[in-house]
Protein chains: 4
Amino acid sequence: MIVILKSNPEQKQLDNLISWLKGMNIDIHFTEGSTKTIMGLIGDTASVDIDLIQALDIVEDVKRVQEPYKNANRKFHPDDTVIEIAPGVKIGGGNFQVIAGPCSVESEEQICTVAESVKASGAGLYRGGAFKPRTSPYAFQGMRNEGIRLLSEAKARTGLPIVTEVMDISHLPLFENVDVIQVGARNMQNFELLKELGKLDKPILLKRGLSSTLQELLMSAEYIMAGGNEKVILCERGIRTFETAMRNTLDLASVPLLKEKTHLPVIVDPSHATGNASLVKPMAMAATAAGADGLMIEVHNNPAKALCDGPQSLTPEAFDDVMKAVNAIRPVAFNGR
Amino acid sequence: MIVILKSNPEQKQLDNLISWLKGMNIDIHFTEGSTKTIMGLIGDTASVDIDLIQALDIVEDVKRVQEPYKNANRKFHPDDTVIEIAPGVKIGGGNFQVIAGPCSVESEEQICTVAESVKASGAGLYRGGAFKPRTSPYAFQGMRNEGIRLLSEAKARTGLPIVTEVMDISHLPLFENVDVIQVGARNMQNFELLKELGKLDKPILLKRGLSSTLQELLMSAEYIMAGGNEKVILCERGIRTFETAMRNTLDLASVPLLKEKTHLPVIVDPSHATGNASLVKPMAMAATAAGADGLMIEVHNNPAKALCDGPQSLTPEAFDDVMKAVNAIRPVAFNGR
Amino acid sequence: MIVILKSNPEQKQLDNLISWLKGMNIDIHFTEGSTKTIMGLIGDTASVDIDLIQALDIVEDVKRVQEPYKNANRKFHPDDTVIEIAPGVKIGGGNFQVIAGPCSVESEEQICTVAESVKASGAGLYRGGAFKPRTSPYAFQGMRNEGIRLLSEAKARTGLPIVTEVMDISHLPLFENVDVIQVGARNMQNFELLKELGKLDKPILLKRGLSSTLQELLMSAEYIMAGGNEKVILCERGIRTFETAMRNTLDLASVPLLKEKTHLPVIVDPSHATGNASLVKPMAMAATAAGADGLMIEVHNNPAKALCDGPQSLTPEAFDDVMKAVNAIRPVAFNGR
Amino acid sequence: MIVILKSNPEQKQLDNLISWLKGMNIDIHFTEGSTKTIMGLIGDTASVDIDLIQALDIVEDVKRVQEPYKNANRKFHPDDTVIEIAPGVKIGGGNFQVIAGPCSVESEEQICTVAESVKASGAGLYRGGAFKPRTSPYAFQGMRNEGIRLLSEAKARTGLPIVTEVMDISHLPLFENVDVIQVGARNMQNFELLKELGKLDKPILLKRGLSSTLQELLMSAEYIMAGGNEKVILCERGIRTFETAMRNTLDLASVPLLKEKTHLPVIVDPSHATGNASLVKPMAMAATAAGADGLMIEVHNNPAKALCDGPQSLTPEAFDDVMKAVNAIRPVAFNGR
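Residues numbered from 1 in each chain as written. Chains lettered and ligands numbered in written order. Predicted model: local features only at pLDDT ≥ 70, side-chain atom pairs only at ≥ 80, totals over all residues. Heavy atoms only, no water.

**Side note on the relation of the copies chain B and chain A**
Between the two copies of the chain lies a rotation about an axis combined with a shift along it.
Then step 1. Of the transformation superimposing chain B on chain A, the axial component is 0.0 Å and the angular component is 180 degrees, with the fit at an RMSD of 0.0 Å. Both copies of the chain, as the preceding transformation shows, are related through a two-fold rotation axis. Measuring from the rotation axis to each C-alpha of chain B, the shortest distance belongs to S211 of chain B, at 3.0 Å.
Then step 2. Here 100% of the contact residues of chain B are again contact residues in chain A; the copies associate through an equivalent surface. (Least-squares fit on C-alpha atoms with pLDDT ≥ 70 in both. Contact = heavy atoms within 4.5 Å.)

So this is what it looks like as structure tokens:
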């Protein structure tokens, strides 16, 4: 960590800072510039709160040299994490998984029909929203408990492990039969929820917040891992920018960058990111080529009737076509690394 | 609501859409353009889910003509809402309040000293963080229960109503003696929490999310109000942009714009927005001139020792100076309207 | 075009608007809603200035139903544009080109060595900066005239057509021997320059501005095309967001989206977008999988000595590796469409 | 400047770097951390190109400790710059100016009528667009030469100095009688134009780019000043964000921040920033309270007929009302400092 002092720092504050740092076993090297003094802090600076130092009147700027996350850091865990979601269903370290299913659980017929169809096309996990975060209090809020029951039914019929989103700590008891608990973009920094998920022994699918930096995403993963749960799957799902032609801007460079920084699996959700069915296939192919460990894709069953699926949903036939294209890209992408 | 159809829409889907809309007592006017057909929907379209229509294959675009919020909408409540936080402590409709206090509750001495000092300078409410949302799991998470107890102590000594942030539904029982419950930027779209706050009879201070549009802020207020709690105070606290010279970009034009759209009080937090003590005073003055109903300002007590206050905190003396400047601007701003 | 009127519009202004529209042979259909009136404009609305209507006091909102660009619009030119840059060097409509070379022209040896090397690896065009847009007036501004002379030398030796950036209309006479004139991100809306380029019969490589929407990019292409020059190649090069871990956010979904909207070739520059050599290969592969018509990649010759190449530059060996990976992805991507 | 080296840097590259730095009379202090080495560079580092060092394989990160601008830097020129635009018309250092006028010059009658009206309300300078940067090639591009002639006519009649925008170097000869040359947001990084303006002895009004950082704005001012023209007025006019309820996000905290960093005058354009006439008055008041040295406000003459003014334009009566409010705020804002 580097601390840049203002010109002519007050000596008393400087002495306070130095003794506080030494109390944490941090060594300090001074570099006197023409107008400013730079302090280089040496030792285990991950425990030093950067905001506390930044707050001092005598400090102009502080810069971390080491990352503030440990459990998620590839430097300390060079090998890819491989998460076994269910017997034989692995993700990470060369294991690729496609999670598919409808935006919302609507009925037993719907949820089971789509499950069978995506399984036949090669999806490895099944998704469906039971608790739905909706911008408007007047919009459909999901089937909730009953939605989770119907997902379990689809799991029983197809054998596919299920993924669904949690919205509040108090709902967690309902998630016992859920194989992967999803944390949505709006909850990426719901720190109390993250701490609670850290106590579980179950994979967590952590979506990047709408305006979160990659470091913040990794710090949220660190919250879960610090509690003891190391089964975290990261998901890029688009960020908010000024562009209005698409719902969000899918940040595919985050895939190789995250994989440099962390050993955790990284997947991509092209459906929510673009909000546009015609962009899902090229973005699924691109994400695969970029080295993603998996994809999350929305599939609905009956476009003619469906008034409840988002404009980003594919029909089962279109999803099958995406799977073929992704499967063709995969070996090339893998060899290309 | 306007629905723009694609060229040559499939007749069966179009018939489905028309009969679904008529089932909701919506009238439809058609305008046939040279290449496209436009449907104008007439009736109570607030209950029509825009996403459902957008999802249809035959639909190119949908545009709302009316706002999707009712309780928060000034059109239906032309008069400013005035919230009485405690006997004689009102906000809105010409009543201006300054909420001041430290970022975090640290000790009884700290919290009571600052309270007396900001009261003497004219603050109307007292703030302090007991539960702290921190990006890192390794950073100080607040004094939690004990923090709320100490705030109550400061309230007992000074008579100032207290404002503090809630981070999870399960903590709400601790907030009985809290006068205003704050929802932080990261929880602005924690919809389950908002619903729970809608059941209370207590003012809620709702901060704008880091990348939330003003309409999303109003929809989150609507979540609380739809539950029956109409005492919502909106707070502009800066949005995330590409600019790195300040922590966030304070969007002061949101103040007059929100006041056009809603009858709820709107306050501004220049401390968190800028993250820079030297910008707090000019931004407090500017926010007042822009017509804000109040301010939220961070004040700490001992800058020489303080390792726990953010770089945005003012000393009590600096806060006193800000209050004088704000009080001078207020009558001019008020007359200027 | 749809015009939403405010409640109770002043009759005189409304009559003015109606007669002005009728004077342009626009038909108007009225839809009376419960609180608002909607006007549907029918006819050739591309010539109607949306800002003029938006400005009227009686108008609440205006929405275009048709795109404001014609020459660049795929609706009116369904087939992909194929541009023949030099005999046998085509781009678009299934023709894929990689443009490679150093950030800046530095010396004859450098520029010729790199040219031979990238040609051997399969690049179809050669790039190098002669005029350099630099944020600081104290930074190296490029070799300018002499830089263009050296690029011509490299072209003579290798036969590769050359691409270089223009910064001002007054420099255009120097570009006679340049095969593709590049308009940089900062000049995407230098409208006087665009008009001048519209008078040439030479391919223009138009880079997306740092914070430009895709529609603005297409409107800038329209500026060039409206002048008669239809040889425009669009280039996605990353947009500015809040993320600081990379230089910019590469928006790969823009590739399939642009190709829906326009018939022009679309290429991707992963070097400038990410500013990070280790991300160039995965992003080159992803861009190819997303359907790009080409790539623009920075290559330098001597990393140990080079003090003048950006951190995003590849060595010739690394570039050769990227070409192999891209060539493996291409047939799969093409079949996948 | 601080250079953070990667672990185990190649010795030959490190030796190259050290000897290159010593050749520029830079002293180097080394701090060896547990995993990384930090180099502190001491001396005149403003001439060191940060990108060159960043590019080296052995370098992980570089951080400037000193600002890269000199002429614009308040550290080297502590006193406010006061620019005398015309005899008795000063800006900066406590001198406040309002620049008002229509978006576009349309006719002699329009331009002279508005000029007389804004002068009567107290505007100190007159503005009007002769060359108009328009997103669409089909939109009105301004009256150009004739527009400048009409502005001169208005200047002759009222005595108000005139401000108008330049779009290309080749038009500069037409600007002889113009008192302040405006560089629009889209040209803020048109470096060749900035260099040319640096050769003039005439005030330049430099608008912040749509997605420019404040440091980039200062570097563009530095381009002009490095050429010898120190009469630069900076203008905040809103930045592009995800918010769609307003045209841009007016960043008022930039005013006090810029005034900390530079001695140049800083003005605010609330008309273009918000694109909404009802927000101009509160934002003009807020900008004044924030310490701006002036304002730029759009005023048009005949709202009932005007099809050519933007929705952000005020009538002369509304402008008069804004001037009264601003004049009331000014002494309070000034005393508040």
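**A short note on the interface of chain B and chain D**
Then step 1. Contacts between the two partners involve 40 residues from chain B and, on the opposite side, 39 residues from chain D.
Then step 2. Summing both partners gives a buried area of about 2900 Å² for chain B against chain D, and 74% of it is carried by carbon and sulfur.
Then step 3. Two residues, R208 of chain B and E243 of chain D, come together in a salt bridge whose shortest N-O distance is 2.9 Å.
Then step 4. In this structure, the connection of chain B to chain D is made through 6 residue pairs in polar contact (both at pLDDT 80 or more).
Then step 5. Examining the composition of the side of chain B that touches chain D, we find that 8 residues originate from one element, helix α9 (residues 277-289) of chain B, more than from any other.
Then step 6. Residue classes in the side of chain B that touches chain D are distributed as 23 nonpolar, 10 polar and 7 charged. (Buried area = accessible area lost by both parts, 1.4 Å probe. Salt bridge = Lys/Arg side-chain N within 4 Å of Asp/Glu carboxyl O. Polar contact = N/O pair within 3.5 Å; in protein donor to acceptor, adjacent residues only side chain to side chain. Helix = DSSP H or I, 4+ residues; strand = E, 2+ residues; numbered from the N terminus. Nonpolar A, V, L, I, M, F, W, Y, C, P; charged D, E, K, R; others polar.)

**A short note on unusual backbone geometry**
Then step 1. With a phi angle near 60 degrees, N25 of chain B is a residue other than glycine that sits in the positive phi range.
Then step 2. Mapped onto the elements, N25 of chain B comes out in the loop between α1 (11-23) and β2 (27-32).
Then step 3. Of note, the phi angle at R144 of chain C is positive, near 55 degrees, even though the residue is not glycine.
Then step 4. Here R144 of chain C shows up in the loop between β8 (125-127) and α4 (145-158).

**Let's talk about the sheet that holds strand β1 (residues 2-5) of chain C**
Residue and element names in this part refer to chain C.
Then step 1. Spatial strand order, β2-β3-β1-β4: 4 strands in an open sheet with antiparallel pairing. Edge positions in the sheet fall to β2 (27-32) and β4 (59-63), since each has one partner strand and no second. Strand-to-strand twist across the sheet, computed as the mean angle between neighbouring axes with direction ignored, equals 20 degrees.
Then step 2. Sheet topology note: the β1/strand β3 (residues 37-42) ladder contains 4 bridges and is antiparallel. Paired with I4 across the two strands is I38, which belongs to β3.
Then step 3. Sheet contacts for helix α1 (residues 11-23): β1, β2, β3 and β4; angle to β3, the most-contacted strand, approximately 15 degrees. (Pairing = 2+ DSSP bridges. Axes fitted to C-alpha atoms, helices over the stretch in contact; angles between N-to-C directions.)

**Side note on the packing of helix α7 (residues 254-261) of chain A against helix α9 (residues 277-289) of chain C**
Then step 1. Put simply, α7 of chain A and α9 of chain C touch, their axes get as near as 9 Å, and they point 135 degrees apart. Judged by the angle between their axes, α7 of chain A and α9 of chain C are oblique. Once α7 of chain A is placed against α9 of chain C, the crossing between them reads as right-handed. The segment α7 of chain A lies against α9 of chain C, with P256, L257 and E260 of chain A engaging S278, L279, P282 and M283 of chain C.
Then step 2. For the contact of α7 of chain A with α9 of chain C, the per-class residue count stands at 5 nonpolar, 1 polar and 1 charged. (Parallel < 35°, antiparallel > 145°, perpendicular 65-115°, else oblique. Left-handed = near helix turned anticlockwise from the far one by under 90°.)

**Structural notes on the packing of aromatic side chains**
Then step 1. In the structure shown here, the tally under the stated rule is 8 aromatic pairs over all chains.
Then step 2. Here the aromatic rings of F131 of chain A and F175 of chain A are separated by 6.2 Å at their centres, their planes lie at 20 degrees, and the arrangement is stacked. On the criterion of sequence distance, the pair formed by F131 of chain A in the loop between β8 (125-127) and α4 (145-158) and F175 of chain A in the loop between β9 (162-166) and β10 (180-183) is long-range, its members being 44 residues apart. In this structure, F131 of chain A and F175 of chain A share a single accessibility class: buried.
Then step 3. One Lys or Arg, K70 of chain D, reaches over the ring of Y138 of chain C and ends 5.9 Å from the middle of that ring. (Phe/Tyr/Trp six-rings, centres within 6.5 Å; stacked < 30°, edge-to-face > 60°. Buried < 20%, exposed > 50% of the residue type's maximum accessible area, 1.4 Å probe, protein only. Lys NZ or Arg CZ within 6 Å of the ring centre and 35° of its normal.)

**Some points on the sheet that holds strand β3 (residues 37-42) of chain B**
All names here are of chain B.
Then step 1. Strand order across the open sheet formed by 4 strands is β2-β3-β1-β4, with antiparallel pairing between neighbours. With partners counted over all chains shown, the strands left at the sheet margins are β2 and β4 (59-63), one partner each. Averaged over neighbouring strand pairs, the angle between their axes works out to 20 degrees when direction is ignored.
Then step 2. Summarising the sheet, β2 and β3 pair through 6 bridges and their orientation is antiparallel.

**Quick look at helix α9 (residues 277-289) of chain D**
Each full turn of the α-helix corresponds to 3.6 residues, which orients residues three or four apart in the same direction.
Residues and elements named next belong to chain D.
Then step 1. Between the first and last C-alpha of α9 there are 19 Å, a value that for 13 residues agrees with the 18 Å anticipated at 1.5 Å per step.
Then step 2. For α9, a buried count of 11 out of 13 residues is recorded, marking the element as mostly surrounded by other parts of the structure.
Then step 3. Within two residues after α9, G291 carries a phi angle of roughly 105 degrees, on the positive side. (Expected span 1.5 Å × (residues − 1).)

**Observations regarding the pattern of salt bridges**
Then step 1. With the rule as written, the count across this model stands at 76 salt bridges over all chains.
Then step 2. Its salt-bridge partner being R74 of chain B, residue D80 of chain B comes within 2.7 Å of it at the nearest N-O pair.
Then step 3. Among the ionic pairs, R157 of chain C bridges to E153 of chain C, the shortest N-O distance being 3.5 Å. In this pair, R157 of chain C and E153 of chain C both sit in helix α4, 4 residues apart, roughly one turn of the helix.
Then step 4. Residue classification places R157 of chain C among the partly exposed residues on the basis of a relative accessible area of 45%.
Then step 5. Salt bridges here are not isolated pairs; linked through shared partners, they connect R208, E236 and D251 of chain A together with E243 of chain C.

**A look at the relation of the copies chain B and chain D**
Then step 1. The two copies are related by a screw operation: chain B maps onto chain D through 180 degrees of rotation and 0.0 Å of translation along the axis, at an RMSD of 0.0 Å.
Then step 2. Interface overlap between copies: 98% of the residues of chain B at the interface are likewise at the interface in chain D, consistent with a symmetric, same-surface contact.

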